[in-house]
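Descriptive structure summary
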Number of protein chains: 4
Amino acid sequence: MSDPTLPDPNRLDPAMLAEIEALRARTADTRRATVAAMEDILHVPFPVLDHGFVRVVDYMGDDGAVVQAARVSYGRGTRQVREDRGLIRYLMRHRHTTPFEMCEIKVHVKLPIFVARQWIRHRTANVNEYSARYSVLDKEFYIPAPEHLAAQSSANRQGRGAVLEGAEAAAALDLLRGDALRCYDTYEHLLAEDDPSRQGLARELARMNLTLNTYTQWYWKVDLHNLMHFLSLRADSHAQYEIRVYAEVLLDLMARWVPVIHEAFQDYRMGGLHLSRAGVAAVRRALSGEAVSQADSDLSPREWRELWAGLGVPAPDETRQA
Amino acid sequence: MSDPTLPDPNRLDPAMLAEIEALRARTADTRRATVAAMEDILHVPFPVLDHGFVRVVDYMGDDGAVVQAARVSYGRGTRQVREDRGLIRYLMRHRHTTPFEMCEIKVHVKLPIFVARQWIRHRTANVNEYSARYSVLDKEFYIPAPEHLAAQSSANRQGRGAVLEGAEAAAALDLLRGDALRCYDTYEHLLAEDDPSRQGLARELARMNLTLNTYTQWYWKVDLHNLMHFLSLRADSHAQYEIRVYAEVLLDLMARWVPVIHEAFQDYRMGGLHLSRAGVAAVRRALSGEAVSQADSDLSPREWRELWAGLGVPAPDETRQA
Amino acid sequence: MSDPTLPDPNRLDPAMLAEIEALRARTADTRRATVAAMEDILHVPFPVLDHGFVRVVDYMGDDGAVVQAARVSYGRGTRQVREDRGLIRYLMRHRHTTPFEMCEIKVHVKLPIFVARQWIRHRTANVNEYSARYSVLDKEFYIPAPEHLAAQSSANRQGRGAVLEGAEAAAALDLLRGDALRCYDTYEHLLAEDDPSRQGLARELARMNLTLNTYTQWYWKVDLHNLMHFLSLRADSHAQYEIRVYAEVLLDLMARWVPVIHEAFQDYRMGGLHLSRAGVAAVRRALSGEAVSQADSDLSPREWRELWAGLGVPAPDETRQA
Amino acid sequence: MSDPTLPDPNRLDPAMLAEIEALRARTADTRRATVAAMEDILHVPFPVLDHGFVRVVDYMGDDGAVVQAARVSYGRGTRQVREDRGLIRYLMRHRHTTPFEMCEIKVHVKLPIFVARQWIRHRTANVNEYSARYSVLDKEFYIPAPEHLAAQSSANRQGRGAVLEGAEAAAALDLLRGDALRCYDTYEHLLAEDDPSRQGLARELARMNLTLNTYTQWYWKVDLHNLMHFLSLRADSHAQYEIRVYAEVLLDLMARWVPVIHEAFQDYRMGGLHLSRAGVAAVRRALSGEAVSQADSDLSPREWRELWAGLGVPAPDETRQA
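Quick notes on the rules
- Residues numbered from 1 in each chain as written.
- Chains lettered and ligands numbered in written order.
- Predicted model: local features only at pLDDT ≥ 70, side-chain atom pairs only at ≥ 80, totals over all residues.
- Heavy atoms only, no water.
- UniProt positions renumbered as here; feature names shortened; annotations may be inferred.
- Helix = DSSP H or I, 4+ residues; strand = E, 2+ residues; numbered from the N terminus.
- Buried < 20%, exposed > 50% of the residue type's maximum accessible area, 1.4 Å probe, protein only.
- Contact = heavy atoms within 4.5 Å.
- Least-squares fit on C-alpha atoms with pLDDT ≥ 70 in both.
- Buried area = accessible area lost by both parts, 1.4 Å probe.
- Salt bridge = Lys/Arg side-chain N within 4 Å of Asp/Glu carboxyl O.
- Polar contact = N/O pair within 3.5 Å; in protein donor to acceptor, adjacent residues only side chain to side chain.
- Pairing = 2+ DSSP bridges.
- Axes fitted to C-alpha atoms, helices over the stretch in contact; angles between N-to-C directions.
- Nonpolar A, V, L, I, M, F, W, Y, C, P; charged D, E, K, R; others polar.
- Phe/Tyr/Trp six-rings, centres within 6.5 Å; stacked < 30°, edge-to-face > 60°.
- Lys NZ or Arg CZ within 6 Å of the ring centre and 35° of its normal.
- Core = buried A, V, L, I, M, F, W, Y, C linked by side-chain atoms within 4.5 Å.

1. Focus on the UniProt feature "binding site: FAD" (unreviewed entry) in chain A
Residue and element names in this part refer to chain A.
- The UniProt entry lists Thr 98, Arg 121, His 122, Arg 123, Glu 129, Asp 223, Leu 224, His 225 and His 229 under the feature "binding site: FAD" (unreviewed entry), expressed in the numbering used here. A maximum C-alpha distance of 27.4 Å shows the annotated residues, which cover 132 residues in sequence, to be distributed over more than one spot.
- For Leu 224, the position within the fold is in helix 8 (residues 224-234).
- A relative accessible area of 0% places Leu 224 in the buried class.
- Not counting residues up to four positions away in its chain, the partners in contact with Leu 224 are Phe 100, Cys 103, Met 254, Trp 257, Val 258 and Ile 261.
- Along the polypeptide, His 225 turns up in helix 8.

As structure tokens, then:
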């Protein structure tokens, strides 16, 4: 679990730091469901990428709130019969999703625009983004750390291959940094905010000159069911690295917030495996001791490989060949 | 504002009363935005109709949370410039709706099934309803109070006319009560829960014998923007009385929760008037001192009447005739 | 696949039959994607339960429309590379859901109110339901066929057990029929539509006296992605029989409309199996020839049974015991 | 109404032109609701900005489909009683929105990324966007026409002021063009698609170097109710010019598609005026011949000005002063 230390002051502007300290100093008595591990880190930014962060601004509900809602649905009969953990695992396993919608979390996120463009495709959430029609964006861009400067995969159209190295890497980073800075300088020049002698271009127009690695920020509020859907796609190994690191912080925060649900989510969703109809048939035959090979299954070579890799065993035909 | 007295114990089963007392006794320290007027009434059921209630189970955010989110959107420029109340009223007036999505409320509602069927049409909310597939519904039906036993309006297909009175009213109430009870008795008989000598009909089937005034209950969670949309339709005079009384309790609860937003909502949404293009033209001519009548406006006779009634003045042609 | 014969005229009122014939007689030339198998059955009601039906009123898109949208997403690179069927199966397998949202279907459904209450919980659809505030509902109720008059399961709170038989069944059906009819007669009496000597109760009130097996009807419009989500829950063996029969007709209609997508849906979703993390571990050990039993897995007894039943093989410990 | 001429071939790549011609040549017989004016322009791109377009790819329903759905809701009573136009205007005026959800339109749009970022905030739509993770974006950027090169408004934080002119304008355009080109050249260099001697940077990373005026494209599918909501915000004079021109083309297309609904939309929504509670009071007093001024109204000076401007008459206190 990430550490709830206060953020590196170098990463935050002083006004924001002061605001966070003021927010953390304010406490009140409440009759609402409260999670001590969330109170510990409330408002604290967790760093992501070179200038980004995620911080929890508010939350509603806890493990118990899901149980409470499920007990309304399933009525008196469920009282005493199942203890809470068992009920939560039952709900997760059978995809009874509505009780998980009874919890809500609100985070403040700072992220590069090209990551924001992926993230916003998750429509079932509430968003307030910093508006570059109204205000001037900060001079901050995402520049990949050298170890994440991946080449295009030749096998997979959306994937990454080996990491660029040496002079090639240095040149790429210089280009990215140089173009971002030059575009930002032009942006500032066009705005002419500090030059009363020139008419500044409208903010809503000048922003078009910024590059897609410029940082933006937003408040993002989502219920727990939709958060888990987001995490199942974005904390997955197929997700782009730059959004996956945000999802991983959110997954850590979820473990603090609703530990029992987090465990069930890992067991039934993240750590599970979906078999196709033909995959079930292949596994059945293998378990029954029948000979089975890709050629006589209804699986493509790629599906065949992924099936046995997902199960963590060699493919049956490879075994026999060996 | 409704009074946060504890509910009439005759309306609640003792198990629920004990649960509410236990929930109200539990307090914790929190760094989250907290509203004292909501803490006062948290978990307390407010009675609605003959057996229904609304009670707040949780809430997220306050007036300040909307301001906070708006300031992220509109950026540094808005700091200090506008004070909070002015910003909230600006947002409401210009239908900048996303900041209002940053607050969330969760209520537990007991309501007749025919009301639940209207309510559920508001799709942008989270719901966990008592399931009659799993559990047995209580023996409680809505029977209108005599003063709400309205006749069909002859003028308006969906409206109510005069109230039934005397023997006619008494007969109607007897019929409603008699059918509901008989259907419930059949339901219990079909279930045979207490009769080990007979096989009970499946709960999911037996429930089909219940009448639509049987009470159900649910947890309903909604953000403030969608709550206001619900209230603008259901706290309106055109809404059916039996859902309007729920909306009115929710409107009172909103006044406790976010008083500044509630005031702006009353000023710009509930208390406002929408003029059509032809309505604007008619008002313009009237204000300019021109003669204007329904016949030479593009308004239907009904629109014409509603326009001047909405503005609280006699129609110009009536004035001239007088 | 269901047969596109014209419906049994006894099930439809003559006005509706005439309307359907008129709609079917009207044809036009279009440049839109068109599916001959859908044109064959457009507007024709497919019977469901004793008085219900599903009929397709309109559709947008076909298998090719999903391919077309996916090719915009994945760009030039995908042209020629994959043929259509392969691309559709790739999308289904990797849960790339947005291209499936590019097709839309609109159906007219007649269904009992208690089924409508389950159905409406699928929020991502457009619905126009017959309004009993405005109009009088027909005298039609769902009465189960004797072979579907199931007892409550003793093993499963939401399930059905054996079918009631003999006198017990006859008595149950008589009670259901009797209560529904009596409630409807009261409804008609309260409305007093044909009795000018009495003031009728408002329709919006009188409807509360109807039983939950009364038929309602609606137009339901949904995109293909959300239709598949609906089908995966409601055409499933755990769904209540009375909604499952509607889902099965919709699944047949889907096979006519988008046959390639339907096949992929059967292969990767309906016919698949989801393994939990512990389920993967158990299968891995079984495939590796290790001894594995429920006791030393992390699976509950029920999960253990369901795992091997889903794979269609005896549980490993049972095999050894035998 | 825009002219359905075939697009300027200079604006489209030849492959796309050929595809459009093939699509337009394909016709079929259908029993679905069909709109001749839509068939005329189906698939044809309407130019927007310097490189963008909107083209209709498919549609479902027409004016009659809304009437048909409303008649299911309002039942037999409405038949013959109201003719179609009257019913549509009634629905629009009373915000009965669900029947308008029964029509659906699908468009292919090419638009700058900063416009796409505003547009996507409308969540109730289906979108398939060109993916720069998979494919290489085209070398096309939005550069404002000189007459749209607006300065920042000094009165309104999100507004535009006077147009930049002369050398200042020329310099701004040069900067925008220069940065966009330089960033695109870097992007191509980093990708190294045509240079087998270098390892190209992963597409999902290289795209971050592009400026926000780079064009993207998507399929966007939306129901008519949500389209009208989009248009009421984006075809409005407060919307940014660069999204408003897209909304205006969509509004023209709507006039072709559902002319009666379009007229009602103009009369009751676009051409209407919303008065606040205090606005109603001020108009009432003015119509009643009372003296009324901003100071003794509950309106802010800005609300006061906008009220009378919206009604098209001088403010009462200005009149008296004059």
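Alright, that's what it looks like, and here's the rest.
2. Looking at the relation of the copies chain B and chain C
- Overlaying chain B on chain C yields an RMSD of 0.0 Å, the required transformation being a rotation through 180 degrees with an accompanying axial translation of 0.0 Å. This pairing of chains is accounted for by a two-fold axis. Of the C-alpha atoms belonging to chain B, the one lying closest to the rotation axis is found on Thr211(B), 2.1 Å away.
- Interface residue correspondence from chain B to chain C reaches 100%, placing this contact among same-surface, isologous pairings.

3. What to know about the interface of chain B and chain C
- Counting residues at the interface gives 57 residues for chain B and 57 residues for chain C.
- Here chain B and chain C share an interface that buries about 5,400 Å² over both sides, 51% of which is from carbon and sulfur atoms.
- Remark: the boundary between chain B and chain C carries four salt bridges.
- Residue Arg160(B) pairs with Glu204(C) through a salt bridge whose shortest N-O separation is 2.5 Å.
- Where chain B touches chain C, the interface holds 32 residue pairs in polar contact (both at pLDDT 80 or more).
- At the level of secondary structure, the elements contributing two or more residues to the side of chain B that touches chain C comprise helix 5 (113-119), strand 5 (126-129), strand 6 (150-152), strand 7 (160-163), helix 6 (166-191), helix 7 (203-206) and helix 9 (241-257) of chain B.
- Counting residues per element, the side of chain B that touches chain C draws most heavily on helix 6 of chain B, at 10 residues.

4. Points about unusual backbone geometry
Residue and element names in this part refer to chain A.
- If you check the backbone angles, Ala 192 has positive phi at about 50 degrees while not being a glycine.
- Its place among the elements puts Ala 192 in the loop between helix 6 (166-191) and helix 7 (203-206).
- You can call Ala 192 buried: its relative accessible area is 8%.

5. A closer look at the sheet that holds strand 3 (residues 52-60) of chain A
All names here are of chain A.
- With antiparallel pairing, the five strands of this open sheet are ordered in space as 2-3-4-8-5. Across the chains shown, the open sheet's two edge strands, defined by having one partner strand only, are strand 2 (46-48) and strand 5 (126-129). The sheet shows a mean angle of 25 degrees between the axes of neighbouring strands, direction not considered.
- Taken together, the seven bridges between strand 3 and strand 4 (residues 104-112) define a ladder with antiparallel strand orientation.

6. Section: the interface of chain B and chain A
- The interface is formed by 57 residues belonging to chain B together with 57 residues belonging to chain A.
- In this structure, the salt-bridge partner of Glu104(A) is Lys221(B), at a minimum N-O distance of 2.5 Å.
- The tally of links between chain B and chain A comes to 31 residue pairs in polar contact (both at pLDDT 80 or more).
- Contributing elements (two or more residues each) for the side of chain B that touches chain A: helix 1 (14-25), strand 1 (28-30), helix 2 (36-41), strand 3 (52-60), helix 3 (63-74), strand 4 (104-112), strand 5 and strand 8 (215-223) of chain B.
- Looking at the side of chain B that touches chain A element by element, the count peaks at six residues for helix 3 of chain B.
- Classifying every residue of the side of chain B that touches chain A by side-chain character gives 23 nonpolar, 16 polar and 18 charged.
- Pairing analysis gives three bridges linking strand 1 (residues 28-30) of chain A to strand 1 of chain B, with the strands arranged antiparallel. The partner of Asp29(A) across the bridge, within strand 1 of chain B, is Asp29(B).

7. Here's the deal with the packing of aromatic side chains
- This structure, assessed with the given rule, holds 36 aromatic pairs over all chains.
- Ring pairing ties together the aromatic residues Trp119(A), Trp218(A), Trp220(A), Phe230(A) and Tyr246(A), which thus form one cluster.
- Over the ring of Tyr59(D) we find Arg32(C); its NZ or CZ atom is 4.1 Å from the centre of that ring.

8. A short note on the pattern of salt bridges
- Applying the stated criterion across every chain yields a total of 100 salt bridges over all chains.
- Note that Glu39(A) and Arg32(B) form a salt bridge whose closest N and O atoms lie 3.5 Å from each other. Here Glu39(A) is found in helix 2 (residues 36-41), whereas its partner Arg32(B) is found in the loop between strand 1 and helix 2 on a different chain.
- We note a salt bridge from Glu140(A) to Lys110(A), for which the minimum N-O separation is 2.2 Å. Within this pair, whereas Glu140(A) is found in the loop between strand 5 and strand 6 (150-152), its partner Lys110(A) is found in strand 4, the two being separated by 30 residues in sequence.

9. Details of the nonpolar core
- Formed by 175 residues in total, the largest nonpolar core has its most connected members in Trp119(A), Trp220(A), Tyr246(A), Trp119(D), Trp220(D) and Tyr246(D).
- Core analysis: the next-biggest nonpolar cluster, separate from the first, contains 174 residues, Val109(B), Val115(B), Leu201(B) and Ala264(B) among them.

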